[in-house]
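What follows is the residue order along each chain.
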Amino acid sequence: MAIQGDILSWPNRFAHLARQSNDERLRAFYNAGVQLPDTPVSEARFVALDFETTGLNHETDDIVSVGLVPFDARRAYCRDAKHWILKPATPLHEESVVVHQITHSQVREAPDLDTILKELLASLAGRVIVVHYRHIERPFFNQALMQRLGEGIEFPLIDTMALEHRIETNRLTWWQQIKRQSIPSIRLADSRKRYGLPYYIAHHALSDALATAELLQAQLQHHYTLQTEIKTLWM
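Bear in mind that the values here come from a model prediction, so they are computed numbers and not experimental data.

With respect to the overall build of the protein
Helix and strand counts for the protein stand at ten helices and five strands. In summary, the protein has a C-alpha radius of gyration of 18 Å against a globular reference of 18 Å for 235 residues, a match within 12%. With the C-alpha coordinates aligned to their principal axes, the bounding extent of the protein is approximately 55 × 45 × 35 Å. Within the protein, the fraction of its 235 residues that count as buried is 50%. When contacts within the protein are restricted to residue pairs at least 6 apart in sequence, long-range pairs at least 24 apart make up 67% of them.

Following this line, the structure appears as structure tokens:
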């Protein structure tokens, strides 16, 4: 994984991956480049990304829905938001249907990820990807492309859950830290509530992506400055 400050910084890593990739869609994604690590958040272009999946194991489950919303520090570009329901390569478990409400009949005629991959990657290219809980979108995307293309995908991302964990941990007094007092819930809905953001129906890829975009905007407004460099936020 690329580490800022090392030779394998994200910009260098993207250039390397563009040369190595055998898929023209991935080459186009990498050739679009990544924003410079010292870009202030006021100038950064973000895209919130959310997946709904058939389960929680990226090695045995697959993506069933994708939602994305482009945004910057001040505005969400909902006109350019996108949402797909996909036909997963693995069975749609009843437990997951209860969570995301996507049914067998909806996925039966849905496209495979490979069909919409060019449009999806074009929507992500050149933007900083933002998620809430980094252990879903990046590993699932990588594994899904490994299965379909024989090569995965790498990209930096900002995790609003990790930022919220950092913020809430810093709120603890030294005595609370000694007593190992727990921080409040950092789930998406609970985090949004602390900033006065409205409640959205959970586990819909598009509304979760919009909710994540708005949460990062609120976090930037309350805890950072517009000159904060994106390298201090991404991972």
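Here we look at the side chain of Thr-54
You can see Thr-54 is positioned in the loop between strand S1 (46-53) and strand S2 (63-71). Side-chain polar atoms of Thr-54 contact the side chain of Asp-61, separated by 3.2 Å. When sequence neighbours within four positions are dropped, the list of residues in contact with Thr-54 reads Asp-61, Asp-62, Pro-88, Thr-90, Pro-91, Leu-92, His-93 and Ser-96.

Some thoughts on unusual backbone geometry
Of note, the phi angle at Gln-101 is positive, near 65°, even though the residue is not glycine. For Gln-101, the position within the fold is in the loop between helix H3 (94-100) and helix H4 (104-108). Even without being glycine, Tyr-133 reaches a positive phi, approximately 90°. Mapped onto the fold, Tyr-133 is located in the loop between strand S4 (128-131) and helix H6 (134-149).

With respect to the pattern of salt bridges
Applying the stated criterion across every chain, the model contains twelve salt bridges. Ionic pairing is found between Lys-82 and Glu-119, a salt bridge with its closest N-O pair at 3.5 Å. Here the residue Lys-82 occupies a position in strand S3 (residues 82-85), and Glu-119 occupies one in helix H5 (residues 113-124), the gap between them amounting to 37 residues. Residue Arg-171 pairs with Glu-168 through a salt bridge whose shortest N-O separation is 2.9 Å.

Quick notes on the sheet that holds S3
Spatially, the five strands line up as an open sheet ordered S3-S2-S1-S4-S5, and their pairing is mixed. Bordering the open sheet on either side are S3 and strand S5 (157-159), each of which pairs with just one other strand. Geometrically, the sheet is characterised by an average inter-axis angle of 20° between neighbouring strands, direction not taken into account. In the sheet, S1 pairs with S4 via three bridges, with the strands oriented parallel. By the bridge assignment for S4, Val-47 is matched with Ile-129. Where H6 meets the sheet, it contacts S1, S2, S4 and S5, and its direction lies at approximately 75° from that of S1.

Some thoughts on empty space enclosed by the protein
If a probe the size of a water molecule is rolled over the atoms, the empty space left behind becomes visible. Inspection of every chain in the model, using the stated rule, returns one cavity of 30 Å³ or more. By volume, the largest cavity is sized at about 60 Å³. Forming the boundary of the largest cavity are Phe-14, Phe-29, Gly-33, Val-34, Leu-124, Gly-126, Arg-127, Val-128, Ile-129, Phe-155 and Pro-156. Of the residues assigned to the lining of the largest cavity, the class counts are eight nonpolar, two polar and one charged.

Reading the values: the criteria
Residues numbered from 1 in each chain as written. Predicted model: local features only at pLDDT ≥ 70, side-chain atom pairs only at ≥ 80, totals over all residues. Heavy atoms only, no water. Helix = DSSP H or I, 4+ residues; strand = E, 2+ residues; numbered from the N terminus. Rg over C-alpha atoms; globule rule 2.2 N^0.38 Å. Buried < 20%, exposed > 50% of the residue type's maximum accessible area, 1.4 Å probe, protein only. Contact = heavy atoms within 4.5 Å. Polar contact = N/O pair within 3.5 Å; in protein donor to acceptor, adjacent residues only side chain to side chain. Salt bridge = Lys/Arg side-chain N within 4 Å of Asp/Glu carboxyl O. Pairing = 2+ DSSP bridges. Axes fitted to C-alpha atoms, helices over the stretch in contact; angles between N-to-C directions. 1 Å grid on protein atoms, 1.4 Å probe; cavity = no way out; pocket = protein on both sides within 12 Å on 5 of 7 lines; lining within 4 Å. Points joined across faces, edges and corners; volume = space filled by probe spheres on them. Nonpolar A, V, L, I, M, F, W, Y, C, P; charged D, E, K, R; others polar.

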